[in-house]
Amino acid sequence: TAEDIVAEQFKNREMVEEGPRSPVVAILGHVDHGKTSLLDRIREANVAEGEAGGITQHTSAFRVNVHAGDEDKQIVFLDTPGHEAFTAMRARGAQVTDIVVLVVAADDGVMPQTIESIAHAKAAEVPIIVALNKIDKPEATDNNIQRIFGQLAEHDLAPPDWGGQTDIVKCSAIKGEGVQELLDTIDLQSQVMELTSDFGGPATGNVLEAKMVEGRGPVASVLVREG
């Protein structure tokens, strides 16, 4: 069939124009721990207010121009819903990514959906960077932070001070503290990974979400990976 022919062409696809590409970063974590606020701060737009009940209802991908290290770069972020009803979608969101940023609230700690997010990231075999958010809150005491480090260590996410390998960045989405450090950490991680892509040839990608749109029919949001 025509479909088989196309599939075959992609299987035997040759690199035409290989070059370094932006990392794809998924933001995962427990509901209300500040994932969307952190993304808003990164893209300096306020989307959180437009969402039903402040909970992200769909997976959206966007590319951000960031100044990381000494140069201007681009990072692609996936904003994945944090609500339990969206577990399946989030599982799919974690498979297309290179790096997972796990948002943990410094006044709360590791919660059921945090553990679920860790499991998704481990299943996808992608590096995890922990963003310890809400560091400006009075409840984010040193004792509480040490307790959270302990909780993370139980899931093999210990910081270097604890003899682990995980980058933990303290930040506040509301005040903008630590956000640049987070971007720099993502940039460093992606440099280590030496991510490349084919900028020529036929395009391939991942469907992030698909829906029926009145007057247009089925519409898919696709993250183009090659071509």
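Refer to the structure printed above.
This write-up is about the structure you can find in this document. Predicted model only: the values in this text are computed from it and were never measured.

Looking at the environment of C171
Inference 1: Mapped onto the secondary structure, C171 falls in the loop between β7 (168–170) and α6 (179–193).
Inference 2: Classification of C171 as buried rests on a relative accessible area of 0%.
Inference 3: As a C-alpha pair, C171 and L132 span 39 residues in sequence and 5.8 Å in three-dimensional space.
Inference 4: Here C171 is in contact with L38, A131, L132, N133, K134, I135, E177, G178 and V179, once residues within four sequence places are set aside.

Some thoughts on the packing of aromatic side chains
Inference 1: On inspection of all chains with the given rule, the structure shows one aromatic pair.
Inference 2: Between F149 and W162, the ring centres sit 6.3 Å apart and the planes meet at 90°, which makes this aromatic pair edge-to-face. One end of the pair, F149, is in helix α5 (residues 142–154); the other, W162, is in the loop between α5 and β7, with 13 residues separating them in the sequence.
Inference 3: Relative accessible area serves as the criterion here: at 8%, F149 is assigned to the buried category.
Inference 4: On the accessibility criterion, W162 (41% relative accessible area) is partly exposed.

Overview of the pairing of strand β5 (residues 99–105)
Inference 1: Of all seven residues in β5, seven are buried, a share of seventy percent or more.
Inference 2: Across the two faces of β5 the burial is the same, with I99, V101, V103 and A105 and V100, L102 and V104 all buried.
Inference 3: Here five bridges tie strand β2 (residues 24–29) to β5, and the two strands are oriented parallel to one another. The residue bridging G29 from the neighbouring strand is V103, located in β5.

Considering the environment of V100
Inference 1: With respect to the helices and strands, V100 occurs in strand β5.
Inference 2: For V100, a relative accessible area of 1% puts it in the buried group.
Inference 3: Taking the C-alpha atoms as reference points, V100 and E125, separated by 25 residues in sequence, lie 9.8 Å from one another.
Inference 4: When neighbours within four sequence positions are excluded, V100 is seen to be in contact with A26, L28, A121, V126, P127, I128 and I129.

Things to note about a nonpolar patch on the surface
Inference 1: Nonpolar side chains collect at one region of the surface, where V207, V222 and V224 lie side by side and expose about 250 Å² of accessible area between them.
Inference 2: Tracing the backbone shows V224 in strand β10 (residues 217–226).

Focus on the pairing of strand β6 (residues 128–133)
Inference 1: Counting buried residues in β6 gives six out of six residues, a clear majority hidden from the surface.
Inference 2: Of the two faces of β6, the one carrying I128, V130 and L132 and the one carrying I129, A131 and N133 are both buried.
Inference 3: With helix α4 (residues 112–123) bridging β5 and its parallel neighbour β6, the resulting β-α-β unit is right-handed.
Inference 4: Pairing geometry for β6 and β7, over three bridges, is parallel. Note on β7: the bridge partner recorded for V130 is I168.
Inference 5: In this fold, the crossover linking β6 to β7 by way of α5 has right-handed handedness.

Here's the deal with the pattern of salt bridges
Inference 1: Here the structure, examined in full by the defined rule, presents six salt bridges.
Inference 2: Between E8 and K11 there is a salt bridge, with the nearest N and O atoms lying 3.7 Å from each other. With E8 and K11 both in helix α1 (residues 2–11), this residue pair falls three residues apart, about one helical turn.
Inference 3: A salt bridge links K137 to D107; the nearest nitrogen and oxygen atoms lie 3.3 Å apart. Taken together, the residues K137 in the loop between β6 and α5 and D107 in the loop between β5 and α4 connect sequence positions 30 residues apart.
Inference 4: Relative accessible area serves as the criterion here: at 33%, K137 is assigned to the partly exposed category.
Inference 5: Look at D107 and you get partly exposed, because its relative accessible area is 22%.
Inference 6: Each of R21, D98 and R225 takes part in one network of salt bridges that share partners.

Parameters and conventions
All residue numbers refer to position in the chain's written sequence, counted from 1. Note on the predicted model: pLDDT of at least 70 is required for a residue's local features to be given, and 80 or more for side-chain atom pairs to be given and counted; whole-chain, interface and lining totals, by contrast, use all residues. Working from all heavy atoms in the structure, the side-chain values ignore hydrogens and water. Where helices and strands are cited, they refer to DSSP runs of H or I of at least four residues and of E of at least two residues respectively, numbered from the N terminus. Relative accessibility thresholds used throughout: buried, under 20% of the residue-type maximum; exposed, over 50%; partly exposed, between the two (1.4 Å probe, protein chains only). Contact between two residues is taken to exist if any of their heavy atoms lie within 4.5 Å; hydrogens are not considered. Any pair of Phe, Tyr and Trp rings, taking the six-membered ring for Trp, is counted once the centres come within 6.5 Å. Such a pair is stacked with planes under 30 degrees apart, edge-to-face with planes over 60 apart, and tilted for the rest. The criterion for strand pairing is that DSSP finds at least two bridges linking the strands in question. Like-charged residues are merged into a patch within 9 Å and nonpolar side chains (Val, Leu, Ile, Met, Phe, Trp, Tyr) within 5 Å, provided each residue has over 30% relative accessible area and no salt bridge. Per-residue and other accessible areas follow the Shrake-Rupley method at a 1.4 Å probe size, with only the shown protein chains counted as cover for residues. We count a salt bridge whenever a side-chain nitrogen from Lys or Arg sits within 4 Å of a carboxyl oxygen from Asp or Glu. Here the term right-handed applies to a crossover when the path leading from its first strand over the helix to its second strand runs clockwise, the strands being oriented away from the viewer.

So yeah, pure geometry; function would need other evidence.
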